[in-house]
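Here are the chains, one letter per residue:
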Amino acid sequence: MPHTDPADRDPVTPAPGGAPHPTGLRVNTLGPVRAWLGDRELDLGPPLRRAVFVVLAMAMGRPVSVHELIEALWADAAPATAEGSVHTYLSGLRNSLEPDPKRRRNSTWLTSTGTAYQLCLHAEALDADCLRRHHANARKLTLRGDLSSAVAELDCALRLWSGTPFSGVPGPFAEAERTRLTELMLTIAEDLAQALLDLGRTHATLVAELTTLTKDYPFRERLHGLLMRVLCRLGRQADALAIFHNLSEDLATELGTLPVAELQRLYERILANDPELGATGDGTEQTAPTPQPAVHPPAQLPHDINGFTGRTGELAMVRSMLADPRRAGERLLPRDNVVLIEGTAGVGKTALAVHIAHQLADRFPDGQLYLDLRGFDPHDPPVSAKDALEHLLRGLGQDRQSIPIDTAELRQRYHHRLTGQRLLILLDNAAAAEQIEQLVTESPTCLFLVTSRNNIGERLAYRHTRRIGLDVLDPTEAITLLTGLIGADRVADDQYAARSITRLCGRLPLALRLAAAHVIGNPMLGLPDLLEQFTEQARLDVLATEDDGAATARSVFSWSYHALRPATATMFRLLGLHPTTSFSAAAATALTGLPDAAARTCLLELVGGHLVEVIGEDRYRCHDLLHVYAAELATEHDSDTDRARAHGRLLDFYIDRTDGAGTMLNPLRTRVDLGGRHTRYEVREFTDYAAARQWSETELGNLAAAVRRAFELGDHTRTWQLTAVMFDVLYAGRHWAEWTSTYQLGITAAERLGDLRAASRLRTGLGFAYIDLRRFEAATECWRTAYQWSIAESDPQTQATCLQGLGMVYTYTGRFAEALATSHEALEIFQERHDQWSIAWLLNNIGVVHKITGEFAEASHYLGRALRLCESYDHPACKGFSLINLGAVNLQLGRYEDARLLLVRAVEHCSRAGMPLSEAQALLHLGKVVEQTSGPSAAREYWQRSWAIFQDLGDVGSSLAMECRKLLDEA
């Protein structure tokens, strides 16, 4: 990046970090650690003394205890003499800071208070803090659209960099700070490159600097993407493609992964000579349009099957349905826009639909959606129309909190989002016509692919449907598929064996792939040998019901199963006990009880044998027929005790992992007492909020299914425990259907155990779901029942939570005096218990009541307290709501500058936290502030941004959106 070479800097004078007093203390940590008092550079001494100094410096004036210093230098490996050594280092630092012994006693540079030590250092005199502040300013400027000023801030930040942070300083504290600051530097470099791209300032120097960084950090994919974009801007598409190829090879070789989807889409755009990439070809700067927020079309299709064979007639028929895009205008499909693929189990319906979708994906640039409707899940009911609509809307980028609750309104919102969009939507495993009728529309630019084992076409009321009845492969196609899988030479060696094997596999693609997997994995095994291994016993199911695809496949399943090693066979059987067909490697490990390395070896063997497939990083899926077959084997070969233990291990794993995710999502919320339960599995430390949220969203279906399975098995203790730890997962995503269903099971399970404490605390959690759903009577019933128990059993935590919830009900129903009374009562209890999370929410709720009743001074007081408390930790939702509400109150009070600053922060925070509806609300209020200070024309920009978000969310009918539209029209 510009001006990052340490050689460009003065070797004596520290990098500027504000304007400290010329005789003050200044410290550099972004390279070799150095310090100055005025013009005198300090001798910081040997490495461990330097380590003590940097801990004190990074505290920026906060007292640091001797215990903290010992932890920072040695962690758990502190020697017996650690405390004495620390005092020696501190004495040496005092001597360096104040060489004159006469003045040393009264020196204010390094002072002590009891067992704590404090370095007199202002934040602006520490280069690491200056780096952070420059970056924060740049983010704010970028949000406001002032990219030139943002570039200046980022450039100032990178000028502070002078090498490896804390170079030569030992200890765990220095190592952790080195990692953190290096990550921050890379982020700043990436942000600077992005800003320069958005401004059109691309040049050879930028290429050189990005090239150096990508070599130093070979797996940092955002850097590679930025370099590719800069190269394209300079007309060097071939070099950009080479960057992608090299990265792909490195990732596959070293990590066994592919580049992220965004990078793959960029690669495809370069191949297609996308004009929006803006190549100038002359290496000059070009003027770019005002940058717009990046919108990434959904790309949810499962992986296409390698070596897809046959079905040429079906593929041609679907292609013929699409109009020529050069002549069709807005109409992509001449008439029918639903393709319904029907056929028996294992015949390849999903494989065909996925293959068609991938073949046609480029015709649908607004994205591709996928939804498994679970029409034939042996354990769980099919996905309801309401849940399906919610899933599809989320796939289209709809914020969970802005998704309607009513099914009719959901369908209206969904149809609105599809209008004018070129989308391909794959609805897999439909059980009945009713499941899909609300999900298909007459939009001429959307194509719907639907698969079903049942004959639902005749019962489907939707007119514009093209039906494909899928049969087994014909003999020629079956031989072609087998040839493509194992090679032409092996098939040519014995065509009789090849034809016999395809016949014994019922010409089902799934069965043929399983059979071929054994030949591929055994180079010495020929087709005649494979044919011999089809014993008479393995063919009994086929002979009994030759028209049953599942039975035909079962014969090959049996043969594949018996070829497994014992440990792998056990894993396969136990995977049949998993409540869904998709799972993580960690869940499979927990289910089997194997060591991690052994479990992964078994998974690789199952993947190699096509008994499970890889669907993502560390995630796998078992075909539903194979899942049912595995469960049958488990019932046959594993004892009731062994199966119960496997279920217990899996549930323990999900309880522990979910509790860990919940702690990251909401670290200050009081955790539910799980009855003395101890963690049985090592819980991966989620690195941040986003990682915990991603895991939660990915695993939500498995967690809900695990609750249902535990309840069905009568494991009521684990049922309520897993339900309890799901609160933060459900709350973060507003998963109302899963929230209400799991909590109802959890409450029933606790009551059957006679555990009224657990049942009452779960009722408080269910009440918050009902309040979101505006089911006030149900919420009130939950909280009043739990409150009565909490009074009888002297449980203040549950008592206060119930009062908090009832206060929300009173607020929503206009009973403001009661809302304030109950909220204040709850607040007193939470303050006694030091429950910071609940205190912050209650302060915000009380402030909102005063805001509604026009008591703006009181509202400002309580909302300000809530915000200050939120600043001590980072709970995204509470912090965002506090900023917006406090900004709105200041607007009402005429404190326009205070309101503006608060709402600018709210916009930035909500954008970063992924809260688009709140961001739109903040922009709406910010526009009102600007209208008061600069007039309607200046406010129009903010209202336009707000309206764009409302449109993107499909929320144009809400009162806030309508207010925004009205203000825009009048501006």
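Residues numbered from 1 in each chain as written. Predicted model: local features only at pLDDT ≥ 70, side-chain atom pairs only at ≥ 80, totals over all residues. Heavy atoms only, no water.

Asker: Describe the overall build of the protein, listing the residues and the values that go with them.
Answerer: Counting its regular elements, the protein contains 43 helices and 14 strands. In the protein, which comprises 971 residues, the proportion classed as buried is 52%. In the protein, the proportion of contacts linking residues at least 24 apart, taken out of those at least 6 apart, comes to 67%. (Helix = DSSP H or I, 4+ residues; strand = E, 2+ residues; numbered from the N terminus. Buried < 20%, exposed > 50% of the residue type's maximum accessible area, 1.4 Å probe, protein only. Contact = heavy atoms within 4.5 Å.)

Asker: Now, about the environment of Leu 418: what can you tell me, with residues and values included?
Answerer: Relative to the helices and strands, Leu 418 is located in helix 15 (residues 407-418). Sequence separation of Leu 418 and Ser 443 is 25 residues, and the distance between their C-alpha atoms is 7.2 Å. Each residue touching Leu 418, except ones within four places of it in the same chain, is listed here: Leu 396, Leu 423, Ile 425, Thr 441, Ser 443, Thr 445, Cys 446 and Phe 448.

Asker: Lay out the packing of aromatic side chains with the relevant residues and their values.
Answerer: One pass over the structure, following the stated rule, counts 11 aromatic pairs. Here the aromatic rings of Tyr 561 and Phe 572 are separated by 6.2 Å at their centres, their planes lie at 40°, and the arrangement is tilted. Of the two residues, Tyr 561 sits in helix 23 (residues 549-562) while Phe 572 sits in helix 24 (residues 566-575), which places them 11 residues apart along the sequence. No difference in accessibility class separates Tyr 561 from Phe 572, as the two residues are buried. Taking the centre distance of 5.5 Å and the plane angle of 25° together, the rings of Phe 776 and Tyr 812 count as stacked. Of this pair, Phe 776 sits in helix 34 (residues 776-792) while Tyr 812 sits in helix 35 (residues 796-812), placing them 36 residues apart in sequence. With a relative accessible area of 21%, Phe 776 lands in the partly exposed category. The structure contains a cluster of three or more aromatic residues connected by ring pairs, namely Phe 727, Tyr 731, Trp 739, Phe 768 and Trp 783. (Phe/Tyr/Trp six-rings, centres within 6.5 Å; stacked < 30°, edge-to-face > 60°.)

Asker: Please give an account of the pattern of salt bridges that cites residues and values.
Answerer: Close approach of charged atoms lets side chains of opposite charge pair. For the coordinates displayed, the defined rule picks out 32 salt bridges. With a closest N to O distance of 4.0 Å, Arg 709 and Glu 712 form a salt bridge. Here Glu 712 and Arg 709 lie together in helix 29 (residues 689-712), a separation of 3 residues that amounts to about one turn. A salt bridge links Arg 815 to Glu 818, with the shortest nitrogen-to-oxygen separation between them at 2.8 Å. For Glu 818, a relative accessible area of 34% puts it in the partly exposed group. (Salt bridge = Lys/Arg side-chain N within 4 Å of Asp/Glu carboxyl O.)

Asker: Kindly report on helix 13 (residues 349-360), identifying the contributing residues and their values.
Answerer: Every α-helical turn comprises 3.6 residues, leaving residues that sit three or four positions apart pointing alike. The terminal C-alpha atoms of helix 13 lie 17 Å apart, and with 12 residues this matches the ideal 16 Å at 1.5 Å per residue to within 8%. Along helix 13, 9 of the 12 residues are buried, which leaves the element largely enclosed by surrounding structure. Looking at the packing, one finds that the buried side of helix 13 touches helix 12 (312-321), strand 7 (338-342), strand 9 (423-428) and strand 10 (446-452). (Expected span 1.5 Å × (residues − 1).)

Asker: So what about helix 7 (residues 172-199)? Which residues, and what values?
Answerer: If you check helix 7, its first and last C-alpha atoms are 41 Å apart, about what 28 residues at 1.5 Å a residue would give, namely 40 Å. Gly 200 sits one or two residues past helix 7 and shows a positive phi near 85°.

Asker: Can you explain the packing of helix 40 (residues 896-913) against helix 41 (residues 916-934)? Please cite residues and give values.
Answerer: Two elements in contact, helix 40 and helix 41, have axes separated by 9 Å at closest approach and are oriented at 155°. With respect to helix 41, the axis of helix 40 lies roughly antiparallel. Handedness of the crossing formed by helix 40 with helix 41: left-handed. On helix 41, the residues that touch Tyr 896, Ala 899, Arg 900, Leu 903, Val 904, Ala 906, Val 907, Cys 910 and Ser 911 of helix 40 are Ser 918, Glu 919, Ala 922, Leu 923, His 925, Leu 926, Val 929, Gln 932 and Thr 933. A per-class count over the contact of helix 40 with helix 41 returns 11 nonpolar, 5 polar and 2 charged. (Axes fitted to C-alpha atoms, helices over the stretch in contact; angles between N-to-C directions. Parallel < 35°, antiparallel > 145°, perpendicular 65-115°, else oblique. Left-handed = near helix turned anticlockwise from the far one by under 90°. Nonpolar A, V, L, I, M, F, W, Y, C, P; charged D, E, K, R; others polar.)

Asker: Explain the sheet that holds strand 9 to me, using residue names and the numbers behind them.
Answerer: Strand order in this open sheet of 5 strands is 8-9-10-7-11, and the pairing throughout is parallel. Two strands in the sheet have a free side with no partner beyond their single neighbour: strand 8 (368-372) and strand 11 (465-469). Going across the sheet, the axis of each strand differs from the next one's by a mean of 15°, ignoring polarity. With 5 bridges connecting them, strand 9 and strand 10 associate as parallel partners. Of the residues in strand 10, the one forming a bridge with Ile 425 is Phe 448. Here helix 14 (residues 385-395) sits on the sheet in contact with strand 8 and strand 9, set at roughly 150° to strand 8. (Pairing = 2+ DSSP bridges.)

Asker: So what about the sheet that holds strand 3 (residues 40-41)? Which residues, and what values?
Answerer: Taken in spatial order, the 3 strands make up an open sheet running 1-2-3, and their pairing is antiparallel. What marks the edges here is a single partner per strand, and that holds for strand 1 (25-28) and strand 3. Both strand 1 and strand 2 (residues 34-37) contribute to a ladder of 4 bridges, which runs antiparallel. Across the sheet, Val 27 pairs through a bridge with Ala 35, a residue of strand 2.

Asker: Outline the confidence of the model for the protein, supporting the account with residue identities and numerical values.
Answerer: Confidence along the protein averages 80 in pLDDT terms, with 85% of residues attaining 70 or more. For the protein, helix 22 (residues 540-544) is the element with the lowest average pLDDT, namely 34, and helix 30 (residues 716-725) is the one with the highest, namely 95. The low-confidence segment residues 324-331, where pLDDT is below 50, has 10 contacts with residues more than four positions distant or belonging to other chains. For the stretch residues 535-551, pLDDT sits under 50, and the model shows 16 contacts to residues farther than four places along the chain or on other chains. (pLDDT = per-residue confidence, 0-100.)

Asker: Which residues make up the pairing of strand 10, and what values go with them?
Answerer: Counting buried positions over the 7 residues of strand 10 gives 7, a clear majority of the element. With 5 bridges connecting them, strand 7 and strand 10 associate as parallel partners. Directly across from Glu 342, in strand 10, lies its bridge partner Ser 452.

Asker: Mind laying out the packing of helix 24 against helix 25 (residues 585-592), listing which residues take part and the relevant values?
Answerer: A packed helix pair is summarised by two numbers, namely the angle formed by the two axes and the spacing between the axes. Their axes nearest at 10 Å, the elements helix 24 and helix 25 cross at an angle of 105°. Considered as vectors, helix 24 and helix 25 are oriented roughly perpendicular to each other. Within the contact between the two elements, helix 24 uses Met 571, Leu 574 and Leu 575 and helix 25 uses Ala 588, Leu 591 and Thr 592. Tallied by class, the residues present in the contact of helix 24 with helix 25 amount to 5 nonpolar, 1 polar and no charged.

Asker: Go over the environment of His 909, please, and point to the residues and values.
Answerer: Considering the arrangement of structural elements, one finds His 909 in helix 40. Residue class for His 909 comes out buried when judged on its relative accessible area of 11%. Taking the C-alpha atoms as reference points, His 909 and Ala 877, separated by 32 residues in sequence, lie 9.5 Å from one another.

Asker: Can you lay out the environment of Leu 577 for me, pointing to particular residues and giving the numbers?
Answerer: Position of Leu 577 among the secondary structure elements: in the loop between helix 24 and strand 12 (582-584). Take Leu 577: its relative accessible area is 7%, and that puts it in the buried class. For the pair Leu 577 and Val 628, spaced 51 residues apart in the sequence, the C-alpha separation amounts to 9.1 Å.

Asker: Can you explain the side chain of Thr 445? Please cite residues and give values.
Answerer: Tracing the backbone shows Thr 445 in the loop between helix 16 (433-437) and strand 10. A polar contact of 2.6 Å, which involves the side chain of Thr 445, links it to the backbone oxygen of Gln 421. (Polar contact = N/O pair within 3.5 Å; in protein donor to acceptor, adjacent residues only side chain to side chain.)

Asker: Summarise unusual backbone geometry; cite the residues concerned and give the values.
Answerer: One can expect most non-glycine residues to show negative phi and most peptide bonds to be in trans. Its identity as a non-glycine residue notwithstanding, Phe 166 has a phi of 55°, on the positive side. Positionally, Phe 166 belongs in the loop between helix 6 (147-159) and helix 7. The exposure class assigned to Phe 166 is buried, which follows from its relative accessible area of 0%.

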